[in-house]
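# Survey of secondary and tertiary structure
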Number of protein chains: 2
Amino acid sequence: MERPDMDPVSQSSEDDITNTPDAGHLGKMIREARLKKGWTLEEAGKAAGIGRSTLSKIENNQTRPSFDIVRRLTKALELKTPQLFVQSGPSDISGRRDVTLAGQGEPQDTPTYFHELLCTELTSKRMFPYISTIKARDVSEFESWIRHRGEEFMLVISGELTFFTEHYKPLPMREGDSVYYDSGMGHGCVSTGKEDAKVLWVSLE
Amino acid sequence: MERPDMDPVSQSSEDDITNTPDAGHLGKMIREARLKKGWTLEEAGKAAGIGRSTLSKIENNQTRPSFDIVRRLTKALELKTPQLFVQSGPSDISGRRDVTLAGQGEPQDTPTYFHELLCTELTSKRMFPYISTIKARDVSEFESWIRHRGEEFMLVISGELTFFTEHYKPLPMREGDSVYYDSGMGHGCVSTGKEDAKVLWVSLE
DNA sequence: AACTTGTGTTTCTTATAGGAAACTTTTCGC
DNA sequence: GCGAAAAGTTTCCTATAAGAAACACAAGTT
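Here the structure is a predicted model, which means the values were calculated and not measured.

### Things to note about the overall build of chain A
Each helix and strand in chain A was counted, giving five helices and 10 strands. Going through the 205 residues of chain A one by one, you find that 46% of them count as buried. Contacts in chain A between residues at least 24 apart in sequence constitute 62% of all its contacts with a sequence separation of at least 6. With the model as given, the accessible surface of chain A reaches about 10,600 Å², and the carbon-plus-sulfur share is 50%.

Below you can see the structure in the form of structure tokens.
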């Protein structure tokens, strides 16, 4: 079976300016992201505030762009930034998986929630999933905002609850509803149904 | 009340080369990370493979370092990369939230899964949550590995299934079980129960 | 085929990043 | 306090990033 993208000629013929391993990756990813948006060099350059010639050189790894330029591109192209730094080293979760059976998570108790931390064996993972049972059943029990840098996703597994976010109106939620939010904003929830409300949270950063 | 850090003199006296707002952030974060390690400019520079003068200028925002240099520093100083891109501008999810009611996600159909993408309005978010109904009910229907750079978390919402991962043994899973894995490894699943299996996936990168 | 239009690439030039070394400041010792 | 050593800053120079414009190469159009 042929593997055309492993063609040694085209491999060696590209005069890649990057000396560090994996660095040549950058251009490829940026080009992919641009094409995914269906943009031309001109359009993408304009969106990011850089010239199309510069962008061309970046995509072809003919230059070492400044961090500033790269950041503007990530913003315009909505690139996921961490993968730009990936350096195929042994430090991330490469080739690993971690299973947690139902109810077997690592318990963590607070006055307002009962958390069950999931997949805690994989310490170098970047997302933090946990299932929480909400104890608060009344707005008066709701002490203060939770607030921590990063982003968060929440899915209601069972029960009914009201989700509070700073600057927003209270949000009644039921099984299957989900919300994604800046966890730097104050947030928290109280159970409003008869049974316990259970939610899955996935936190990043 | 005095606000010493708003002193107009010291404000205007720092000749911050960065024109884009928040860009001056970078130097501060790098300096913090270096001091946290208790390193001198010399030591940190050596660890990252750059000169101490260069590092000094970066920390004082007297230069726009290349992406390559920044990446070397993040590695040496074990910096969390996404926060380097934070641009307290209107484009990330700062101060925002996005709700998806049960069943109201953005549908996406494939031969093996029916995906429902969640919270798609928040385009600049970094995690990608979606609920999938698994169509494959038989190993023979299982075509090929899914494989994409990044990390992934999966929680079984309902039904029974077998989760396959390259290099690992097949994993029977039931409601409430979860798994976190390197999604660069081939992976996929088939439903093994009577009803449809439903899972939540959260993908990063 | 020649003309047009739109997209990506390659000069060419200028501004500047990055490193070596000179210089300044701080932190010790006594 | 004064010197010595160490840490940080600034200067200087060279290599090069970034943009403008010229160039190349398509895909339509007549």
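### What about the sheet that holds strand 7 (residues 171–174) of chain A?
All names here are of chain A. Spatial strand order, 7-6-9: three strands in an open sheet with antiparallel pairing. Edge positions in the sheet fall to strand 7 and strand 9 (187–191), since each has one partner strand and no second. Sheet twist, expressed as the mean angle between neighbouring strand axes with direction ignored, is 30 degrees. Both strand 6 (residues 160–165) and strand 7 contribute to a ladder of four bridges, which runs antiparallel. Paired with L161 across the two strands is M173, which belongs to strand 7.

### Digging into the packing of helix 3 (residues 41–48) of chain A against helix 5 (residues 67–77) of chain A
Residue and element names in this part refer to chain A. At their nearest, the axes of helix 3 and helix 5 sit 8 Å apart, and the two run at 110 degrees to each other. When the interaxial angle is binned, helix 3 and helix 5 end up roughly perpendicular. In this structure, helix 3 uses A44, A47 and A48 to contact helix 5, whose residues at the interface are R72, L73, A76 and L77.

### Regarding the protein's contact with DNA strand C
What surrounds DNA strand C is a group of 22 residues, the closest being A:L41, A:S53, B:T54, B:K57 and B:S66. Within the side chain of A:R31, a nitrogen or oxygen atom sits 3.0 Å from a phosphate oxygen of DNA strand C. The side chain of A:R52 places a nitrogen or oxygen atom 3.2 Å from a base oxygen of DNA strand C. Broken down by class, the residue content of the surface near DNA strand C amounts to five nonpolar, 10 polar and seven charged.

### Concerning the protein's contact with DNA strand D
Taken together, the neighbourhood of DNA strand D is formed by 22 residues, with A:T54, A:K57, A:S66, B:L41 and B:S53 sitting nearest. Taking all atoms of DNA strand D within 4 Å of the protein, the share assigned to sugar and phosphate is 63%. Within the side chain of A:K57, one N or O atom sits 2.7 Å away from a base oxygen of DNA strand D. Here a sugar or linking oxygen of DNA strand D sits 3.0 Å away from a polar atom, N or O, in the side chain of A:T63. Considered class by class, the residues forming the surface near DNA strand D number five nonpolar, 10 polar and seven charged.

### Structural notes on unusual backbone geometry
The backbone of A:N61 shows a phi angle near 55 degrees, a positive value even though the residue is not glycine. Structurally, A:N61 can be placed in the loop between helix 4 (52–59) and helix 5. Accessibility expressed as a relative area gives 8% for A:N61, which makes it buried. The phi dihedral of B:H167 is positive, around 75 degrees, even though this residue is not glycine. With respect to the helices and strands, B:H167 occurs in the loop between strand 6 (161–165) and strand 7 (171–173).

### What about the sheet that holds strand 8 (residues 178–182) of chain B?
With antiparallel pairing, seven strands are arranged side by side in an open sheet as 1(A)-8(B)-5(B)-10(B)-4(B)-3(B)-2(B). The sheet is open, and its two edges are formed by strand 1 (97–100) of chain A together with strand 2 (106–109) of chain B, each paired on a single side. Neighbour-to-neighbour, the strand axes of the sheet open up by a mean angle of 20 degrees, direction not taken into account.

### Description of the pattern of salt bridges
Note on pairing: side chains with opposite charge can pair once their charged atoms come close. One pass over the structure, following the stated rule, counts 12 salt bridges over all chains. A salt bridge links A:D68 to A:R72; the shortest N-O distance between them is 3.0 Å. Pair noted here: A:D68 and A:R72 are both in helix 5, with a separation of four residues, about one helical turn. When the shortest N-O distance is used, the salt bridge between A:D68 and B:R64 registers 3.9 Å. Separated into two different chains, A:D68 in helix 5 and B:R64 in the loop between helix 4 (52–59) and helix 5 (67–77) make up a pair that spans both.

### Things to note about helix 2 (residues 25–36) of chain A
Note: α-helices contain 3.6 residues per turn, so residues at a spacing of three or four share the same orientation. Relative to the 16 Å expected for 12 residues at 1.5 Å per residue, helix 2 of chain A spans 17 Å between its end C-alpha atoms, a close match to the ideal helical length. Turning to helix 2 of chain A, its buried residues are A:L26, A:G27, A:M29, A:I30, A:A33 and A:R34. Down the axis of helix 2 of chain A, the sector holding all buried residues measures 165 degrees, keeping them to one side. Exposed and oriented more than 90 degrees from the buried face of helix 2 of chain A are A:K28, A:L35 and A:K36. Of the surrounding elements, those touching the buried residues of helix 2 of chain A are helix 3, helix 4 and helix 5 of chain A together with helix 5 of chain B. Directly after helix 2 of chain A, the chain includes A:G38, whose backbone phi takes a positive value near 70 degrees.

About the criteria used
- Residues numbered from 1 in each chain as written.
- Chains lettered and ligands numbered in written order.
- Predicted model: local features only at pLDDT ≥ 70, side-chain atom pairs only at ≥ 80, totals over all residues.
- Heavy atoms only, no water.
- Helix = DSSP H or I, 4+ residues; strand = E, 2+ residues; numbered from the N terminus.
- Buried < 20%, exposed > 50% of the residue type's maximum accessible area, 1.4 Å probe, protein only.
- Contact = heavy atoms within 4.5 Å.
- Areas by Shrake-Rupley, 256 points an atom, 1.4 Å probe, with all protein chains shown as cover.
- Pairing = 2+ DSSP bridges.
- Axes fitted to C-alpha atoms, helices over the stretch in contact; angles between N-to-C directions.
- Parallel < 35°, antiparallel > 145°, perpendicular 65-115°, else oblique.
- Near = heavy atom within 4 Å.
- Polar contact = N/O pair within 3.5 Å; in protein donor to acceptor, adjacent residues only side chain to side chain.
- Nonpolar A, V, L, I, M, F, W, Y, C, P; charged D, E, K, R; others polar.
- Salt bridge = Lys/Arg side-chain N within 4 Å of Asp/Glu carboxyl O.
- Expected span 1.5 Å × (residues − 1).
- Arc of directions from axis to C-beta.

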